Amino acid sequence: MRKALPVLAALMLTAAASTASAQAPQPRQSIDIDRFTGRWYEVVRTPNDAQRNCHGANQTWARRADGTFDIALYCHRDRPGGRLSTTRSRARITDPRTNAKFEASFFGGIIKRQYWVIDRGDSYDWMIASTSDGQFVSILTRDPNVSASRLETLRARARQLGLRTNTMQVVDH
């Protein structure tokens, strides 16, 4: 975990330095937090330094009594089945009207970043998420084994919403 922290810090600082005037599309649906919590597998993402050589990326969201969330981010370094890397974060809802906007804090709150759930499946089987500036887009599902046609359908949905998908890469699991 300690080796992942500097990499994550670099990503967060790089993302924070991106154009402040850019913005992701507004979330399309509200989030039922009880259905949202649990494990999500990242199946497509915008490449970034923190996740270089990161395979099988997934995250677990757990609700806390105070209304915030613990997020554990996992990936295998260098190859599928490689050394497991874990990064922990805390998140809070910033838009209680929709529950679709979060602020994640890293390193005890030293670094904070805004994330939005732009769209999701009605059965909470997929979501399209982005940093609030639209620079880093991810598609996450409940099942890591998604067909190529399903991936393309989800990418097409992200494009339809106005998100940049031309540099997105499929994550191997």
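Residues numbered from 1 in each chain as written. Predicted model: local features only at pLDDT ≥ 70, side-chain atom pairs only at ≥ 80, totals over all residues. Heavy atoms only, no water.

Engineer: How would you sum up helix α3 (residues 148-160)? Please name residues and give values.
Structural biologist: The end-to-end C-alpha separation of α3 is 18 Å, in line with the 18 Å expected for 13 residues at 1.5 Å each. Leu151, Leu154, Arg155 and Ala158 are the residues of α3 that are buried. Each buried residue of α3 sits inside an arc of 100° when the element is viewed along its axis, so together they form one side. In α3, the exposed residues that point more than 90 degrees away from the buried face are Ser149 and Gln160. Where α3 is buried, its residues touch β1 (38-45), β7 (126-131), β8 (137-141) and β9 (169-170). (Helix = DSSP H or I, 4+ residues; strand = E, 2+ residues; numbered from the N terminus. Expected span 1.5 Å × (residues − 1). Buried < 20%, exposed > 50% of the residue type's maximum accessible area, 1.4 Å probe, protein only. Arc of directions from axis to C-beta. Contact = heavy atoms within 4.5 Å.)

Engineer: Before we move on, can you summarise the layout of surface pockets with the specific residues and values?
Structural biologist: What the largest pocket holds in volume is close to 170 Å³. Lining the largest pocket are 13 residues, with Arg45, Gln51, Arg52, Asn53 and Gln169 sitting closest to its centre. The set of elements that each furnish at least two residues to the lining of the largest pocket consists of β2 (54-63) and β9. Partitioned by chemical class, the residues of the lining of the largest pocket number 4 nonpolar, 5 polar and 4 charged. (1 Å grid on protein atoms, 1.4 Å probe; cavity = no way out; pocket = protein on both sides within 12 Å on 5 of 7 lines; lining within 4 Å. Points joined across faces, edges and corners; volume = space filled by probe spheres on them. Nonpolar A, V, L, I, M, F, W, Y, C, P; charged D, E, K, R; others polar.)

Engineer: Can you break down the confidence of the model for the protein chain residue by residue, with the values?
Structural biologist: Per-residue pLDDT for the protein chain has a mean of 88; in total, 88% of the residues score no lower than 70. Low pLDDT (under 50) marks residues 1-20, which in the prediction has 28 contacts with non-local residues, meaning those over four places away or in another chain. (pLDDT = per-residue confidence, 0-100.)

Engineer: Before we move on, can you summarise the side chain of histidine 55 with the specific residues and values?
Structural biologist: Note on placement: histidine 55 falls in strand β2. Accessibility expressed as a relative area gives 15% for histidine 55, which makes it buried. There is a polar contact of 2.7 Å between the side chain of histidine 55 and the side chain of aspartate 172. Contact partners of histidine 55, with chain neighbours within four places excluded, come to Cys75, His76, Asp78, Arg79, Pro80 and Asp172. (Polar contact = N/O pair within 3.5 Å; in protein donor to acceptor, adjacent residues only side chain to side chain.)

Engineer: Please give an account of the state of the cysteines that cites residues and values.
Structural biologist: Evaluation of the coordinates by the stated rule reveals 1 disulfide. Two residues share a disulfide in this structure: cysteine 54 and cysteine 75, whose sulfurs sit 2.3 Å from each other. Here cysteine 75 lies in strand β3 (residues 69-77) and cysteine 54 lies in strand β2, a separation of 21 residues in the sequence. (Disulfide = S-S within 2.5 Å.)

Engineer: Can you tell me about the environment of aspartate 119, naming the residues and giving the values?
Structural biologist: Within the secondary structure layout, aspartate 119 lies in strand β6 (residues 111-120). Through-space distance from the C-alpha of aspartate 119 to that of isoleucine 139 is 9.7 Å; in sequence the pair is 20 residues apart. Setting aside its immediate chain neighbours within four residues, aspartate 119 contacts Arg28, Gln29, Trp126, Met127, Ile128, Arg157 and Leu161. A distance of 2.9 Å separates a polar atom in the side chain of aspartate 119 from a polar atom in the side chain of glutamine 29.

Engineer: Lay out the pairing of strand β5 (residues 101-106) in plain terms, naming residues and giving numbers.
Structural biologist: For β5, the tally of buried residues reaches 6 of 6 residues, placing the bulk of the element in the interior. Across the two faces of β5 the burial is the same, with Lys101, Glu103 and Ser105 and Phe102, Ala104 and Phe106 all buried. Alignment of β5 against β6, held across 6 bridges, turns out to be antiparallel. Of the residues in β6, the one forming a bridge with phenylalanine 102 is tyrosine 115. Counting the residues in the hairpin turn of β5 and β6 gives 4 residues, including phenylalanine 107, whose phi is positive at 55°. (Pairing = 2+ DSSP bridges.)

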